[in-house]
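Summary of the model geometry
Okay, here's what each chain looks like letter by letter:
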Amino acid sequence: MKEQELISVIVSAYNIENYLPRCLETIAAQSYKNLEIIIVDDGSSDSTPIICDEFIKKDSRATVIHQPNAGLWSARNTGQKVAKGNYLMYVDGDDYLHVDAISVMHDAINSNGGYDLAIVDRKITDCLDEDISAKGIAHLSELSQTDLVTNLFIYKDSTFVYQWNKLYRRELIEGVWSNPYMRSQDLDFNFRAYLKVNRAVWVHHNMYFYVQRSTSLVKAPEAWSIFYDCRTRIFYENYINLPAEKQHYAHFLLRELYKKMPELKYMYNNNPDKKRIWQMCRDFERATWRAYLRNPQISLKEKVLRLLQLHNPWFTKWVLATKRLFMTLKLKKQY
């Protein structure tokens, strides 16, 4: 019988004592057995470090790295640096897996001549007792690099944004590291990884359970300010570093940059940090406005609208209020 290839599973953990045991339990129970389980405790102050230390005593495939708190991006990089597997998977320590998740992704990534990346669907849940052994027929779709990049910016399906529902071939992410953003690290990482993809495969079956919890960073009061700040910087940095042979993707980054900058400025209009944010947007605009106006894939109507918003926060306020009104009316019609 052919020996299974080694797969590295990098688990990021920070103050998730109520969730981590379930996560590790489902990784240990995977039907695919040749795993390297790397748990990175990112300076937790609850019993998370103890849970990690106890787990590695029970599973010889597991190791734990305790580091001072630095953020999710740092924890993932720490795990990636020591990973030895032919493939890498990143798992957030408050989520968990279907028992066949890794096996299915491994089979998929090696099917039809081989792929660079395998993706599985995720189920959003607020409980820890979803059926992790439910059987079902998994339909496969092949995706090109253009498919991946396009879907990353559509936002209708976050399947393409997240880092954790994917199995990456090691060669694909050589030299691709998580950047120090508090939010949207996944989008930033995947955009740069997707630029290296030839073909990917999508497994249409819920095999990753994404747990919603009240203590998550995305639930914090300042979450949206952080979100817009990070995304604005991500779109700008990726645009100015976009390789010459990938310039046909520039319109995605420019469009999102000029969507986010007005909303970010409006959000900080009465904030003590207003000066920094407004100066940052001014610098980004100076560096990109010619390329934005000349890009043929962005309509003139959109360009005029975004520039009006960028230079008039009150116009942005009116646009956002109008959007909310239309969304409210749409929801009323549905019900």
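Structure first, text after, so check above.
Residues numbered from 1 in each chain as written. Predicted model: local features only at pLDDT ≥ 70, side-chain atom pairs only at ≥ 80, totals over all residues. Heavy atoms only, no water.

1. Brief notes about the environment of Ser184
Looking at where Ser184 falls in the secondary structure, it is placed in the loop between strand E8 (166-169) and helix H6 (185-194). Ser184 sits in the buried class, given a relative accessible area of 13%. On a C-alpha basis, the gap between Ser184 and Leu152 in space is 12 Å, while along the polypeptide they are 32 residues apart. Not counting residues within four places of it along the chain, the set of residues in contact with Ser184 comprises Phe227, Arg231 and Ile234. (Helix = DSSP H or I, 4+ residues; strand = E, 2+ residues; numbered from the N terminus. Buried < 20%, exposed > 50% of the residue type's maximum accessible area, 1.4 Å probe, protein only. Contact = heavy atoms within 4.5 Å.)

2. Quick word on the pattern of salt bridges
Here the structure, examined in full by the defined rule, presents 17 salt bridges. Arg76 is paired through a salt bridge with Asp186; the nearest N and O atoms lie 3.3 Å apart. With Arg76 in helix H3 (residues 72-82) and Asp186 in helix H6, this pair connects stretches of sequence that are 110 residues apart. The pair formed by Arg76 and Asp186 is uniform in burial state, with each residue classed as buried. Glu302 is the salt-bridge partner of Arg255, the closest N and O atoms lying 3.2 Å from each other. Of this pair, Arg255 sits in helix H8 (residues 250-267) while Glu302 sits in helix H10 (residues 300-311), and the two are 47 residues apart along the sequence. Put simply, Asp229, Arg233, Asp273 and Arg276 are held in one network by salt bridges that share partners. (Salt bridge = Lys/Arg side-chain N within 4 Å of Asp/Glu carboxyl O.)

3. Concerning the pairing of strand E6 (residues 117-125)
Taking burial as the measure, the nine residues of E6 include seven buried ones, the bulk of the element. Pairing of E6 with E8, which is carried by three bridges, proceeds in the antiparallel orientation. Bridge pairing links Ile119 to Lys166 in E8. Relative to strand E9 (residues 199-211), E6 runs parallel, the two sharing nine bridges. (Pairing = 2+ DSSP bridges.)

4. Side note on the packing of helix H5 (residues 145-154) against H6
For the pair H5 and H6, the least separation of the axes is 10 Å and the interaxial angle reads 160 degrees. As the angle between them shows, H5 and H6 are arranged roughly antiparallel. Every pair of crossing elements has a handedness; the one defined by H5 and H6 is left-handed. Residue-level contacts link Gln145, Leu148, Val149, Leu152 and Phe153 of H5 to Leu187, Asn190, Phe191 and Tyr194 of H6. Residue composition of the contact of H5 with H6, grouped by class: seven nonpolar, two polar and no charged. (Axes fitted to C-alpha atoms, helices over the stretch in contact; angles between N-to-C directions. Parallel < 35°, antiparallel > 145°, perpendicular 65-115°, else oblique. Left-handed = near helix turned anticlockwise from the far one by under 90°. Nonpolar A, V, L, I, M, F, W, Y, C, P; charged D, E, K, R; others polar.)

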